[in-house]
Each structure stands twice: as C-alpha cells, then as structure tokens.
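What follows is the residue order along each chain.
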Amino acid sequence: QVQLVESGGGLVQPGGSLRLSCQASGLTFRYYDIAWYRQAPGEERELVAGITSPGGSTNYADSVKGRFTISRDNTKNTAYLQMNSLKPDDTAVYYCYADGRKNFRMDYWGKGTLVTVSA
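Residues numbered from 1 in each chain as written. Predicted model: local features only at pLDDT ≥ 70, side-chain atom pairs only at ≥ 80, totals over all residues. Heavy atoms only, no water.

Engineer: Hey, could you run me through unusual backbone geometry in this one?
Structural biologist: Most peptide bonds take the trans configuration, and most residues that are not glycine carry a negative phi. In this model, Ser53 is joined to Pro54 through a cis peptide bond whose omega is 0°. As for its position among the elements, Pro54 is in the loop between strand 5 (46-51) and strand 6 (58-60). If you check the backbone angles, Asn77 has positive phi at about 50° while not being a glycine. With respect to the element layout, Asn77 can be found in the loop between strand 7 (68-73) and strand 8 (78-83). Judged by relative accessible area, which is 26%, Asn77 ranks as partly exposed. (Helix = DSSP H or I, 4+ residues; strand = E, 2+ residues; numbered from the N terminus. Buried < 20%, exposed > 50% of the residue type's maximum accessible area, 1.4 Å probe, protein only.)

Right under this line is the structure:
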C-alpha cells in the first residue's frame, strides 16, 4: 500500500543537470524524514542527501555538497533531488527512502531510478 516512486533519471553529459522526484503515497508524508541514496555498480549503497520532517534541515554527502540540493513539497507528497555539475562518478541507481522509525517504527524504500553521466 505504501509506495515511493522515483522518476527523472536518465542519461546526461558531464557538467549537466538532472532533477529526480520521489512521489509518495500511502503514508503521512509530512511526518517522515526523506533521504536519497545511491548505489553504483560494484559499490555499496551510500547516503547522498537527507531532509528532515517537515523540511527544516538538510544534510549531504561530502561528495555532492555544493552540487546537489534536496527539497520536499509536503502538499504534493513529493521529494526532489536537484543534481548539478554532474560527474561520471555520480552514475548510480538513486533510491528514495522515507524514514518514519522514530514516529511509526516503519521505513520504506523506492525501487530506484538510474542516472548515467557520460559523454
């Protein structure tokens, strides 16, 4: 019943930009912390960015600071990841994560969207 659906992935050239979206349904979106993770081929999943409930604080991996921006629109039950100055090392499957453990003892993952950065 709970669903997180990522969109916006695709092929982009180095230096380009892309905006990912995470559309949530079946949960009280406003009360969940939201994060974006990514997993590159042969690599472990890593935290890219997070935003607290309802949206007052953000954090970023060192590798994306200054280039990526996480945001959310609670009226649309949607979170975003704006990615600028993309590098080949950003190539990965990007996953949306909704963390309600402190309030609901529940958390949820999307199925991911592929971002490929290549000339």
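Having put the structure on the table, let's press on.
Engineer: What is the right way to look at the nonpolar core in this model?
Structural biologist: Considering soluble globular proteins, one finds that nonpolar side chains tend to be buried as a cluster. With 28 residues, the main nonpolar core has Ile34, Trp36, Val48, Phe68, Leu81, Met83 and Tyr94 as its most contacted residues. For this core, the elements supplying multiple residues, two or more each, are strand 3 (18-25), strand 4 (33-39), strand 5, strand 7, strand 8, strand 9 (92-99) and strand 11 (113-117). (Core = buried A, V, L, I, M, F, W, Y, C linked by side-chain atoms within 4.5 Å.)

Engineer: In this structure, what is going on with the sheet that holds strand 1 (residues 3-7)? I would like to understand it.
Structural biologist: Sheets are built from strands that pair by backbone hydrogen bonding, the pairs being arranged parallel or antiparallel. Read from one edge of the open sheet, 4 strands run 1-3-8-7, paired in antiparallel fashion. What marks the edges here is a single partner per strand, and that holds for strand 1 and strand 7. Sheet twist, expressed as the mean angle between neighbouring strand axes with direction ignored, is 15°. Bridge count between strand 1 and strand 3: 5 bridges; the pairing is antiparallel. Bridging from a neighbouring strand, Gln3 pairs with Ser25 of strand 3. (Pairing = 2+ DSSP bridges. Axes fitted to C-alpha atoms, helices over the stretch in contact; angles between N-to-C directions.)

Engineer: Explanation requested: the side chain of Glu6 in the structure shown.
Structural biologist: When you line up the elements, Glu6 lands in strand 1. Here Glu6 sits buried without a salt bridge, and the closest side chain of opposite charge, Lys111, lies 8.9 Å off (N-O distance). In this structure the side chain of Glu6 is engaged in a polar contact, spanning 2.8 Å, whose partner is the backbone nitrogen of Cys96. In terms of polar contacts, Glu6 uses its side chain to reach the backbone amide nitrogen of Lys111, at 3.2 Å. Not counting residues up to four positions away in its chain, the partners in contact with Glu6 are Ser21, Cys22, Trp36, Tyr94, Tyr95, Cys96, Gly110, Lys111, Gly112 and Thr113. (Lys, Arg positive; Asp, Glu negative; His and termini not counted. Salt bridge = Lys/Arg side-chain N within 4 Å of Asp/Glu carboxyl O. Polar contact = N/O pair within 3.5 Å; in protein donor to acceptor, adjacent residues only side chain to side chain. Contact = heavy atoms within 4.5 Å.)

Engineer: Got a minute to help me understand the side chain of Asp99 in this structure?
Structural biologist: Following the sequence through the fold, Asp99 ends up in strand 9. The class of Asp99 is buried, set by a relative accessible area of 16%. Polar contacts involving the side chain of Asp99 include one to the side chain of Arg101, which spans 2.9 Å. Setting aside residues up to four positions removed in sequence, Asp99 forms contacts with Tyr32, Asp33, Met106 and Asp107.

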